[in-house]
Amino acid sequence: MREFQVTPWEVSGEVDYERLIERFGTSEIDEPLLRRIERLAGGLHLLLRRRIFYSHRSLDWILDEYERGNRFVLYTGRGPSGHTHLGHLMPWMLTRWLQEKFEAKLLFQLTDDEKFLFKQELSLEDTKRFAYENALDVVALGFEPDKTEIFLNTEYIKSQYRLALKVAKRTTFSTAKAVFGFGNDTNIGLIFFTCMQSAPCFLETERQGRAVPVLIPCAIDQDPHFRITRDAAPHLGYPKPALVHCKFFPSLAGGSKMSASSPESSIYTTDSPEEARRKIMNAFTGGQESVAMQRRLGGRPEVCSVYSYLSYIFEQDDARLEERQRACRAGELLCGECKQYLAERVLEFLEEHQRRRERARDRLEEFMVRD
Ligand code: TYM
């Protein structure tokens, strides 16, 4: 198998998620842990049931604390380099569910600083504009205004800077190089940036003057930042943040990760129905070269981006998903039919999301914090 790479700024190759657990030193969300979440939450979110959220750090500790009456705070975020795509919504959907089930407060960081530093072509005005656009998608998912704080780093720096500094002092350049692969040509803003992403992990503990547990839902690419945070935490007198990691929502071109840098193979929440449908109809599938071959040999759902989409969130019914897989392998189902089916599901989702997103414009200020 080709070597793969996963960092917050680059994902390449075919990701082997089991090996990533070993490489990063995280733990699998196993059956007993799933049962425990199910018991406490009164159910399991689809993304947990389907093992899309599959890895964690210290989730058992978060649940221990919860059972002792010490509620956790949720923390997640977005680097506003463009519009939101469906992949970004995965961690936020689980976060939304966790907020409801565990009555948890959420801190949502928009790293307009990070994307300004990382993307040559983006100005601070651009990343600010995208931050406010992305915030609409967050609000559209139904977070509770009295339990949710959304902020741009450039607009909430005073509250975070002291915490970022404390992490910076504990983190050497050689650690940052080893974790992120920085070289001599990396701008120095990016070298410091990881400390900004750490800051919200400690914010609530500072505010309340007691150890407040923090749980971070994210895709596994963000884990390297929080390894640094977790190393620093005990030295600073803060609890280590816990994490739950998801796999990447795939690219429509068949790659491991839907990526904002390839617009034709990503579906954005702002796409028109025509755009979304066109992208899906052009998607990479596990089909054979001709209808006759497909009927004879069957398709390969394991490499099919359309099947992945359905199995991540767009076919919620387990029995129907199973039947689709069987019919595909048996050559009874053709790729065109499957794409049509997916397009209908995605368009339904987009229509509803876009309605909620527009309504969010008037409510955004209920969620934003600045200092
Ligand atoms: P960003 O903007 O790259 O991604 C936002 C969130 O989406 C996750 N993600 C994905 N999840 C599933 N499938 C995909 N294809 C996919 N692509 C991205 C990311 O893991 C992330 O959770 N530096 C961060 C912003 C940030 C943050 C945080 C993220 C600030 N604080 C705390 C998570 C937790 C960033 O650029 O994310």
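Residues numbered from 1 in each chain as written. Predicted model: local features only at pLDDT ≥ 70, side-chain atom pairs only at ≥ 80, totals over all residues. Heavy atoms only, no water.

Thoughts on the overall build of the chain
Definition in use: Strands are runs of DSSP state E lasting at least two residues, helices are runs of H or I lasting at least four, and both sets are numbered from the N terminus onward. C-alpha atoms define the radius of gyration, and 2.2 Å times the number of residues to the power 0.38 defines the globule rule. Burial here depends on accessible area, computed with a 1.4 Å probe over protein chains only, as a share of the maximum for the residue type. Under 20% is buried, over 50% is exposed, and the range in between is partly exposed. Charge counting treats Lys and Arg as positive and Asp and Glu as negative, with His and both chain ends excluded. The atom standing in for a charge is NZ when the residue is Lys, CZ when it is Arg, CG when it is Asp and CD when it is Glu.
Within the chain one finds 17 helices and nine strands. The C-alpha radius of gyration of the chain comes to 21 Å, within 12% of the 21 Å expected for a compact globule of 371 residues. Dimensions along the principal axes, computed over C-alpha positions, put the chain at roughly 65 × 45 × 45 Å. The proportion of buried residues among the 371 residues of the chain is 55%. Of the charged side chains in the chain, 53 are positive and 56 negative; the average position of the first set lies 2 Å away from that of the second.

Some thoughts on a nonpolar patch on the surface
Heads up, the rule is: A patch is a set of surface residues, each over 30% in relative accessible area and not in a salt bridge, joined within 9 Å for like charges and within 5 Å for the nonpolar side chains Val, Leu, Ile, Met, Phe, Trp and Tyr. Computed with a 1.4 Å probe, the accessible areas rest on the Shrake-Rupley method; for each residue, only the protein chains presented here act as cover. Each reported salt bridge corresponds to a side-chain nitrogen of Lys or Arg within 4 Å of a carboxyl oxygen of Asp or Glu.
Taken together, the side chains of Ile157, Tyr161 and Leu165 define a hydrophobic patch exposed on the protein surface, amounting to about 250 Å² of accessible area. With respect to the element layout, Leu165 can be found in helix H8 (residues 157–170).

Topic: the packing of H8 against helix H11 (residues 200–208)
We count it as follows: Helix axes use the C-alpha atoms of the stretch in contact, all axes being lines fitted to C-alpha atoms, and the angles between their N-to-C directions lie in the range 0 to 180 degrees. Roughly parallel means an angle under 35 degrees; roughly antiparallel means over 145; roughly perpendicular covers 65 to 115; every other angle is labelled oblique. With the far helix as reference, a near helix turned anticlockwise by less than a right angle produces a left-handed crossing, and one turned clockwise produces a right-handed crossing. Should any heavy atoms of two residues lie within 4.5 Å, those residues are counted as being in contact. Here the term charged refers only to Asp, Glu, Lys and Arg, the term nonpolar to Ala, Val, Leu, Ile, Met, Phe, Trp, Tyr, Cys and Pro, and the term polar to all other amino acids, Gly among them.
Closest axis-to-axis distance for the H8/H11 pair is 9 Å, and the angle between their directions is 115°. Between H8 and H11, the angle is such that the two are roughly perpendicular. For the element pair H8 and H11, the recorded crossing hand is right-handed. Residues Ser159, Gln160, Leu163, Lys166 and Val167 of H8 pack against Pro200, Phe202, Leu203 and Glu206 of H11. Its residues assigned to classes, the contact of H8 with H11 comprises five nonpolar, two polar and two charged.

A short note on the site of the ligand
The test is simple: In these notes, residues near a molecule or strand are those with any non-hydrogen atom within 4 Å of it. Distance and chemistry together define a polar contact, namely a pair of N or O atoms within 3.5 Å, with one atom able to donate a hydrogen and the other to accept it when in protein, and with adjacent residues in sequence counting only for side-chain atoms on both sides.
The environment of the ligand is formed by 25 residues, the closest being Arg78, Gly79, Glu114, Gln197 and Asp221. One of the backbone N or O atoms of Gly79 is found 2.8 Å from an oxygen atom in the ligand. For the ligand, the accessible surface in isolation is 680 Å², of which the surrounding protein chains cover 98%. Taken together, the elements giving at least two residues each to the shell around the ligand come down to strand S5 (73–78), helix H5 (86–102), helix H6 (112–118) and strand S8 (214–219). Looking at the shell around the ligand element by element, the count peaks at four residues for S5. Taken together, the residues that form the shell around the ligand break down as nine nonpolar, 10 polar and six charged.

A closer look at helix H17 (residues 335–363)
Put simply, the test is: Helix span is expected to be 1.5 Å times the residue number reduced by one.
Along its 29 residues, H17 runs 41 Å from first to last C-alpha, staying within 8% of the 42 Å computed at 1.5 Å per residue. Buried within H17 we find Cys338, Lys339, Tyr341, Leu342, Ala343, Val346, Leu347, Leu350, His353, Arg357 and Ala360. At its buried positions, H17 is contacted by H5, helix H7 (124–140), helix H13 (273–281), helix H15 (305–314) and helix H16 (318–329).

Here we look at the packing of helix H10 (residues 188–198) against H11
Put simply, H10 and H11 touch, their axes get as near as 5 Å, and they point 45° apart. It follows that H10 is oblique to H11 by the angle criterion. Contacts from Met196, Gln197 and Ser198 of H10 reach H11 at Pro200, Cys201 and Phe202. By residue class, the composition of the contact of H10 with H11 is four nonpolar, two polar and no charged.

A short note on the layout of surface pockets
Threshold: Lining residues are those with an atom within 4 Å of a point, where the points come from a 1 Å grid over the protein atoms alone and group into cavities, where a 1.4 Å probe fits but cannot get out, or pockets, open sets with protein on both sides within 12 Å along at least five of seven lines. Grid points are joined across faces, edges and corners, and a volume is the space filled by probe spheres set on the points. Where each domain begins and ends follows an automated or database-derived domain assignment.
Taken as a whole, the second largest pocket encloses approximately 600 Å³ of empty space. Sorting the residues of the lining of the second largest pocket by element identifies H15 and H16 as the ones contributing at least two each. Residue contributions to the lining of the second largest pocket peak at five residues, all from H15. Each residue belonging to the lining of the second largest pocket can be placed in one class, and the counts come to 12 nonpolar, eight polar and seven charged. Summarising the domain contributions, the lining of the second largest pocket has at least three residues from each of domain 1 (5–248) and domain 2 (263–358).

Considerations on the domain arrangement of the chain
For an interface, size is often stated in terms of accessible area lost upon the parts coming together. Applicable threshold: Accessible surface is computed with a 1.4 Å probe, and the buried area is the amount of it that two parts give up when combined, taken over both parts together.
Along its sequence, the chain is carved into domain 1 (5–248) and domain 2 (263–358). Here the C-alpha centre of domain 2 lies 29 Å away from the C-alpha centre of domain 1. Each partner contributes to the interface: domain 1 provides 20 residues, whereas domain 2 provides 20 residues. Counting the surface lost from both domain 1 and domain 2, the interface buries some 1800 Å², and carbon and sulfur atoms represent 59% of this. When residues of domain 1 are sorted by the area they lose upon contact with domain 2, Arg50, Leu86 and Ala140 head the list and together hold 34% of the total. Where domain 1 touches domain 2, the interface holds four salt bridges. Between Asp318 and Arg49 there is a salt bridge; the shortest N-O distance is 2.5 Å. For the side of domain 1 that touches domain 2, the secondary-structure elements that each account for two or more residues are helix H3 (46–49), H5 and H7. Broken down by class, the residue content of the side of domain 1 that touches domain 2 amounts to 11 nonpolar, four polar and five charged.

Description of the pairing of strand S9 (residues 242–246)
Worth spelling out the cut-off: Think of it this way: DSSP has to see at least two bridges between two strands before they count as a pair. Looking down the strands as they point away from you, a crossover is right-handed if its path from the first strand over the helix to the second goes clockwise.
Counting buried residues along S9, five of its five residues qualify, which places the element largely inside the surrounding structure. The side-chain alternation of S9 yields two buried faces, one formed by Ala242, Val244 and Cys246 and the other by Leu243 and His245. Examined bridge by bridge, strand S4 (residues 53–57) and S9 share four bridges and lie antiparallel to one another. Paired with Arg57 across the two strands is Leu243, which belongs to S9. Bridge count between S8 and S9: five bridges; the pairing is parallel. In the sheet register, Cys218 faces S9, and the bridge partner there is His245. After leaving S8, the chain enters helix H12 (residues 223–236) and then returns to the sheet as S9, a path that is right-handed.

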